Amino acid sequence: MTSEELLQRVRKIEIKTRGLSRNIFAGEYHSQFKGRGMAFSEVREYQPGDDVRSIDWNVTARLYKPYIKVFEEERELTVMLLVDVSGSRNFGSISQMKRDMMAEVAATLAFSTIENNDKVGVIFFSDHIEKYIPAKKGKTHVLHIIRELLSFEPQTTGTDIAGALQYFTNAQKRRCTAFLISDCISNWWRSKTAAQNMEKAVMITANRHDINVIQIYDRRDAELPDVGLLKVKDAETGQRIWIDTAVKSVRDNYAAAWKDQQSALATLLTKTGTNSITVRTDEDYVKALMQLFRNP
């Protein structure tokens, strides 16, 4: 992609997503996320009815009386976008590639953030952290993020969502609102150890921040067409194999594997109390985001 082509794409996505953030999402964003960030204010002596989870054990040990931490709502919110840049995003069978929809969704969230005078940052991840853009305010910063969303090419093609969440919780000490944007295609659910690591990472993140998962997938991620012999390539491992899609059991096994993955993901998100939406590349992501913004 040339510099001129990139600028044209940046301008096009800015016009579309900025309009959405101003005209559709402004009220929903403000009511749902504004004020959910909490900052430490003071400690005071424990009173009956206080949440025991707020007890400051260090102060309690020093003074021999229970004390709790008091928090107040932050007037300024920080939003972090955790964007999956693994190889599987480079696929689309109908209207657009997954990476293009991911970029539009991330840009819409970024513009919604600055429209409310908040800060936004980005973490690009594959099977390691590819790039970290600290949270800032302003249109210039958001346009920089959009350019990166459209042009960034990762060093590797794998996926490690747990690793991305661990990096995020270590890098972002103050509570913020985060959006994990990914197709969520990974084998974490096939291994007991990997599943435990994933659950731990999501649980820690959900306890420290307001985390929302936006899964973007293609129809062919979930089902195969009946078109006979196909040579397919795993976008993350590079492995190539021939499959006969005319065989019903092949199509059924493929669909079953997708359902198993989705079931494991749904169970994990429910268990950790994580808000989420799932959007297919030929569907309207605006409706899905509205649903996410209106969730309690």
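Since the structure is predicted, the reported quantities are computational estimates derived from the model, not experimental observations.

Peer 1: Just to check I follow, could you spell out the overall build of the chain for this structure?
Peer 2: Helix and strand counts for the chain stand at 10 helices and 10 strands. Relative to a compact globule of 296 residues, whose C-alpha radius of gyration would be 19 Å, the chain shows 21 Å and is just as compact. Scored against the burial criterion, the 296 residues of the chain give a buried share of 47%. For the chain, the proportion of contacts with a sequence separation of at least 24, taken over those separated by at least 6, is 76%. About 15400 Å² of surface is accessible on the chain, with carbon and sulfur atoms providing 49% of the total. Positive and negative side-chain charges in the chain, numbering 42 and 38 respectively, have mean positions lying 2 Å apart.

Peer 1: Even after reading the chapter, I still don't get unusual backbone geometry, so can you show me in this structure?
Peer 2: Negative phi is the rule for most residues except glycine; trans is the rule for most peptide bonds. Even without being glycine, Y64 reaches a positive phi, approximately 60 degrees. Along the polypeptide, Y64 turns up in the loop between α3 (57-63) and β2 (67-73). Unusually for a residue other than glycine, C184 sits at a positive phi of about 60 degrees. When you line up the elements, C184 lands in the loop between β6 (177-182) and α7 (192-208).

Peer 1: Where do I start with the nonpolar core in this structure?
Peer 2: The tendency in soluble globular proteins is for nonpolar side chains to be buried as a group. Membership of the largest hydrophobic core comes to 44 residues, with the highest contact counts inside it found for L81, I181 and I214. Counting residues per element, this core draws most heavily on helix α4 (residues 98-115), at 10 residues. Residues contacting I214, with those up to four places away along its chain left out, are V105, L109, F179, L180, I181, S182, I277, L289 and L292. Counting residues in hydrophobic clusters, the runner-up holds 23 residues, among them A178, A201, V213 and L265.

Peer 1: Hey, could you run me through the packing of α4 against helix α10 (residues 285-294) in this one?
Peer 2: Each packed pair of helices is defined by two parameters, the angle between the axes and the distance between the axes. At a minimum axis distance of 11 Å, the contact between α4 and α10 shows a crossing angle of 45 degrees. It follows that α4 is oblique to α10 by the angle criterion. Between α4 and α10 lies a crossing of right-handed hand. Touching M101, E104, V105, T108 and L109 of α4 are Y285, L289 and F293, all from α10. Of the residues contributing to the contact of α4 with α10, the split by class is six nonpolar, one polar and one charged.

Peer 1: Can you help me understand the packing of aromatic side chains in this one?
Peer 2: The geometry of two aromatic rings is summed up by the distance between their centres and the angle between their planes. Summed over all chains, the structure comprises three aromatic pairs. Both rings, one in F124 and one in F152, keep their centres 5.1 Å apart while their planes meet at 10 degrees; by these two values the pair is stacked. Separated by 28 residues along the polypeptide, F124 in strand β4 (residues 119-125) and F152 in the loop between α5 (139-151) and α6 (161-171) bring together distant segments of the chain. Pair check on accessibility: F124 and F152 agree, each one buried. Ring plane angle 75 degrees and centroid distance 6.0 Å describe the contact between Y132 and Y167, whose orientation is recorded as edge-to-face. Remark: Y167 occurs in helix α6 and Y132 occurs in strand β5 (residues 129-136); sequence separation between them is 35 residues. When its relative accessible area of 32% is taken as the criterion, Y132 is described as partly exposed. By relative accessible area, which is 30% here, Y167 ends up partly exposed.

Peer 1: Before we go on, may I ask you to explain helix α9 (residues 248-271) in this structure?
Peer 2: Count 3.6 residues to each turn of an α-helix, and residues three or four apart come out pointing the same way. Along its 24 residues, α9 runs 34 Å from first to last C-alpha, staying within 8% of the 34 Å computed at 1.5 Å per residue. Residues R251, A255, W258, Q261, Q262, L265, L268 and L269 constitute the buried set of α9. In this structure, the buried side of α9 is in contact with α7, β7 (210-217), α8 (219-222) and β10 (275-280). G273, located one to two residues past α9, shows a positive phi value of around 65 degrees.

Peer 1: How do you make sense of the pairing of β5 when you look at a structure like this?
Peer 2: Every other side chain in a regular strand lies on the same face of the sheet, so the side chains alternate between the two faces. Of the pairings in the sheet, the one linking β4 to β5 comprises five bridges and is antiparallel in character. Its bridge partner lying in β5, F124 is registered against K131. Here β4 folds back onto β5 in antiparallel fashion, the turn holding three residues.

Peer 1: Before we go on, may I ask you to explain the sheet that holds strand β3 (residues 78-84) in this structure?
Peer 2: Two modes of strand pairing occur in sheets, parallel and antiparallel, and in both the strands are linked by backbone hydrogen bonds. Spatially, six strands are ordered β5-β4-β3-β6-β7-β10 in an open sheet, and the strand pairing comes out mixed. Taken across any chain shown, the strands that pair with only one partner, and hence form the sheet edges, are β5 and β10. Geometrically, the sheet is characterised by an average inter-axis angle of 15 degrees between neighbouring strands, direction not taken into account. Sheet topology places β3 next to β4; seven bridges connect them, and they run parallel. Bridge pairing in β4 places L81 opposite V122. Together, β6, β7 and β10 form the strand contacts of α10, whose direction differs from that of β10 by roughly 175 degrees.

About the cut-offs
- Residues numbered from 1 in each chain as written.
- Predicted model: local features only at pLDDT ≥ 70, side-chain atom pairs only at ≥ 80, totals over all residues.
- Heavy atoms only, no water.
- Helix = DSSP H or I, 4+ residues; strand = E, 2+ residues; numbered from the N terminus.
- Rg over C-alpha atoms; globule rule 2.2 N^0.38 Å.
- Buried < 20%, exposed > 50% of the residue type's maximum accessible area, 1.4 Å probe, protein only.
- Contact = heavy atoms within 4.5 Å.
- Areas by Shrake-Rupley, 256 points an atom, 1.4 Å probe, with all protein chains shown as cover.
- Lys, Arg positive; Asp, Glu negative; His and termini not counted.
- Charge placed at Lys NZ, Arg CZ, Asp CG, Glu CD.
- Core = buried A, V, L, I, M, F, W, Y, C linked by side-chain atoms within 4.5 Å.
- Axes fitted to C-alpha atoms, helices over the stretch in contact; angles between N-to-C directions.
- Parallel < 35°, antiparallel > 145°, perpendicular 65-115°, else oblique.
- Left-handed = near helix turned anticlockwise from the far one by under 90°.
- Nonpolar A, V, L, I, M, F, W, Y, C, P; charged D, E, K, R; others polar.
- Phe/Tyr/Trp six-rings, centres within 6.5 Å; stacked < 30°, edge-to-face > 60°.
- Expected span 1.5 Å × (residues − 1).
- Pairing = 2+ DSSP bridges.

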